[in-house]
Amino acid sequence: MNTMSMQRVCVSDFEKEARKILPKAVYDYYHSGADEQHTLADNEAAFNRWHLIPRVLRDVSTVDLSVSVLGQKLSMPICVAATAMQKMAHPEGEIATARACQTLGTGMMLSSWATSTIEEVMSAVIDSKDGGCVLWLQLYIYKDRELTLSLVRRAEAAGYKAIFVTVDTPYLGRRWDDMRNRFKLPIHLSMSNFSTESLAFSEGNYGNDSGLAVYVAKSIDPTLCWNDITWLKKQTHLPLIVKGVLNGEDAVQALKYGVDGILVSNHGARQLDGVPATLDVLEEVVTAVQGRCDVYLDGGVRRGTDVLKAIALGAKAVFIGRPVLWGLACQGEQGVTDLLEVLQEELRLAMALSGCRSLSEVSRSHVRRVEFASRM
């Protein structure tokens, strides 16, 4: 093992190394947020607005991180979020990520825009000795509804356990780096779940814009509305989670339409700049749903203490996006495994030092909002 990889002790170490490895346009695509990237910075900064309040003398000789997510027992409340086109980071892409999740005993959400197929990713984890891996499908609703349903059917047939439908992307956010780079997939890659060049994001020329923005405008349905949640619920027996809710009103509406879970997400700050950090609206959503469904969070989770704060504020589990890509770029499957182990051990220590032996012992009393007292 080289000396560089010996030094990866936190998530930011993985990012620094990945930035040196990845082509600029690929790093920019993975890293960037929308417009001036205020929300991108705020997603991470929000965690520093909360103090942890530890309880002492609690016998923390054993700490259990396990959790049940959508009926599946996971080793920890840290799951892998859908991130698109992972083969840009490493030749094994989504397959490497899924195998790392399997090693850790956690779940992975596969992007509709993966560079490996729904079936390939599942067979990569079924065929290994470690037992199954919990896989969920992230779904974009295409203008072509039959195409959309074919993705759902394929996920069902392959053994995926839930559908996370993205509801914050009727159009793609303005990501300045992608526009300047005229971002498109490297020539040897495509969005593998689609057979035509136009749907697989592998047409030669997208003009002077981000190719992905052109792709979304052409293919993704901007008429998407609540009735489409009803339609999707009728089409599948799998649990349906809405991904992209940022306020209590939409959370209550989602419940009325029968969703099985809510993922508080601002799409990694890649859609509308100036929206709140996800941590800042988590409690509002949790309060609004009143225990009627599980609430999850993504956005800005970079440390075990971040995970603990999100759990204390009512999240059942968190999803991590960019850090997984940094691990993948560093060292493929092993890099993602190492990254997830870092977060797992950080969470275990944070829980122990807070006096929590299991997730059921983590409560709202373990966090307190930082007081910004004005200094005279």
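Residues numbered from 1 in each chain as written. Predicted model: local features only at pLDDT ≥ 70, side-chain atom pairs only at ≥ 80, totals over all residues. Heavy atoms only, no water.

Participant: Please provide a residue-by-residue account of helix 10 (residues 226–235), values included.
Facilitator: Those residues of helix 10 that sit buried are Asp228, Ile229 and Leu232. End-on view of helix 10: buried residues confined to an arc of 105°, all on one side of the axis. For helix 10, the exposed residues set more than 90 degrees away from the buried face come down to Asn227 and Lys234. As for helix 10, its buried residues are in contact with strand 6 (134–139), helix 7 (145–158), strand 7 (163–166) and strand 8 (240–245). (Buried < 20%, exposed > 50% of the residue type's maximum accessible area, 1.4 Å probe, protein only. Helix = DSSP H or I, 4+ residues; strand = E, 2+ residues; numbered from the N terminus. Arc of directions from axis to C-beta. Contact = heavy atoms within 4.5 Å.)

Participant: Just give me the short version of the pattern of salt bridges, but keep the residues and values in it.
Facilitator: In this structure the tally under the stated criterion is 19 salt bridges. Ionic pairing is found between Glu345 and Arg348, a salt bridge with its closest N-O pair at 3.3 Å. One end of the pair is Glu345 and the other is Arg348, both in helix 14 (residues 322–354) and 3 residues apart, which spans about a single turn. With a relative accessible area of 29%, Arg348 lands in the partly exposed category. In this structure, the salt-bridge partner of Arg357 is Glu361, at a minimum N-O distance of 3.0 Å. One connected set of salt bridges, linked through shared partners, spans Asp42, Arg49, Asp280 and Arg369. (Salt bridge = Lys/Arg side-chain N within 4 Å of Asp/Glu carboxyl O.)

Participant: Go over the pairing of strand 8, please, and point to the residues and values.
Facilitator: For strand 8, the buried fraction is high: 6 of the 6 residues fall into the buried class. Examined bridge by bridge, strand 7 and strand 8 share 4 bridges and lie parallel to one another. Counted as the bridge partner of Ile163 is Leu240 from strand 8. Bridge count for strand 8 against strand 9 (residues 261–264) is 4 bridges, and the pairing is parallel. In the strand pairing of strand 9, Lys243 is matched with Leu263. Crossover strand 8 to strand 9 through helix 11 (residues 248–256) is right-handed. (Pairing = 2+ DSSP bridges. Right-handed = clockwise from strand over helix to strand, strands pointing away.)

Participant: Run through the environment of Cys79, naming residues and quoting values.
Facilitator: Structurally, Cys79 is set in strand 4 (residues 78–80). For the pair Cys79 and Met191, spaced 112 residues apart in the sequence, the C-alpha separation amounts to 23 Å.

Participant: Give a description of the nonpolar core that names residues and reports values.
Facilitator: Ranked by internal contacts, the top residues of the largest apolar core, which has 135 residues, are Trp113, Trp136 and Ile262. The leading source of residues in this core is helix 14, at 15 residues. Ile262 has contacts with Ile241, Val242, Val245, Ala251, Ala254, Val285, Val289, Cys293, Asp294, Val295 and Tyr296, leaving out every residue within four places of it along the chain. (Core = buried A, V, L, I, M, F, W, Y, C linked by side-chain atoms within 4.5 Å.)

Participant: Any details on unusual backbone geometry? Residues and values, ideally.
Facilitator: The phi dihedral of Leu57 falls on the positive side, at around 55°, and the residue is not glycine. You can see Leu57 is positioned in the loop between strand 1 (50–52) and strand 2 (67–69). Phi is positive for Asp59, which is not a glycine, with a value near 50°. With respect to the helices and strands, the residue Asp59 is situated in the loop between strand 1 and strand 2.

Participant: Which residues make up the packing of aromatic side chains, and what are the values?
Facilitator: This model, assessed by the stated rule, comprises 16 aromatic pairs. Between Trp226 and Tyr257, the ring centres sit 5.5 Å apart and the planes meet at 25°, which makes this aromatic pair stacked. Of this pair, Trp226 sits in helix 10 while Tyr257 sits in the loop between helix 11 and strand 9, placing them 31 residues apart in sequence. Residue classification places Tyr257 among the partly exposed positions, given a relative accessible area of 26%. Here a set of aromatic residues connected by ring pairs shows up, and it is made of Tyr27, Tyr29, Tyr30, Trp113, Tyr140, Tyr142, Phe183, Phe194, Phe201, Tyr206, Tyr215 and Trp326. Its guanidinium or amino end placed over the ring of Trp231, Arg145 lies 5.1 Å from that ring's centre, counting from NZ or CZ. (Phe/Tyr/Trp six-rings, centres within 6.5 Å; stacked < 30°, edge-to-face > 60°. Lys NZ or Arg CZ within 6 Å of the ring centre and 35° of its normal.)

Participant: How would you sum up empty space enclosed by the protein? Please name residues and give values.
Facilitator: For the coordinates displayed, the defined rule picks out 1 cavity of 30 Å³ or more. Here the largest cavity defines a volume of roughly 420 Å³. Along its surface, the largest cavity is lined by 31 residues, and Ala82, Thr83, His267, Gly268 and Arg270 are the ones closest to its centre. Breaking the lining of the largest cavity down by element, the ones donating at least two residues are helix 3 (24–31), helix 4 (38–45), strand 11 (317–320) and helix 14. (1 Å grid on protein atoms, 1.4 Å probe; cavity = no way out; pocket = protein on both sides within 12 Å on 5 of 7 lines; lining within 4 Å. Points joined across faces, edges and corners; volume = space filled by probe spheres on them.)

Participant: Talk me through the packing of helix 5 (residues 93–104) against helix 14; I want residue IDs and the actual numbers.
Facilitator: Two numbers describe how helix 5 lies on helix 14: the axes approach to 9 Å, and their chain directions differ by 20°. Here helix 5 lies roughly parallel to helix 14, going by the angle between them. The two elements helix 5 and helix 14 cross, and the hand of that crossing is right-handed. Two secondary-structure elements touch here, helix 5 through Gly93, Ala96, Thr97, Arg99, Ala100, Cys101, Thr103 and Leu104 and helix 14 through Val324, Leu328, Gly332, Glu333, Val336, Thr337, Leu340, Glu341 and Gln344. Residue composition of the contact of helix 5 with helix 14, by class: 8 nonpolar, 6 polar and 3 charged. (Axes fitted to C-alpha atoms, helices over the stretch in contact; angles between N-to-C directions. Parallel < 35°, antiparallel > 145°, perpendicular 65-115°, else oblique. Left-handed = near helix turned anticlockwise from the far one by under 90°. Nonpolar A, V, L, I, M, F, W, Y, C, P; charged D, E, K, R; others polar.)

Participant: Give me the side chain of Asp13: which residues, what numbers.
Facilitator: Structurally, the position occupied by Asp13 is in helix 2 (residues 11–21). Notably, Asp13 is buried but unbridged: the nearest opposite-charge side chain belongs to Lys16, and the N-O separation is 4.1 Å. Apart from the residues lying within four places of it in its own chain, the contact partners of Asp13 are Gln7 and Arg8. (Lys, Arg positive; Asp, Glu negative; His and termini not counted.)

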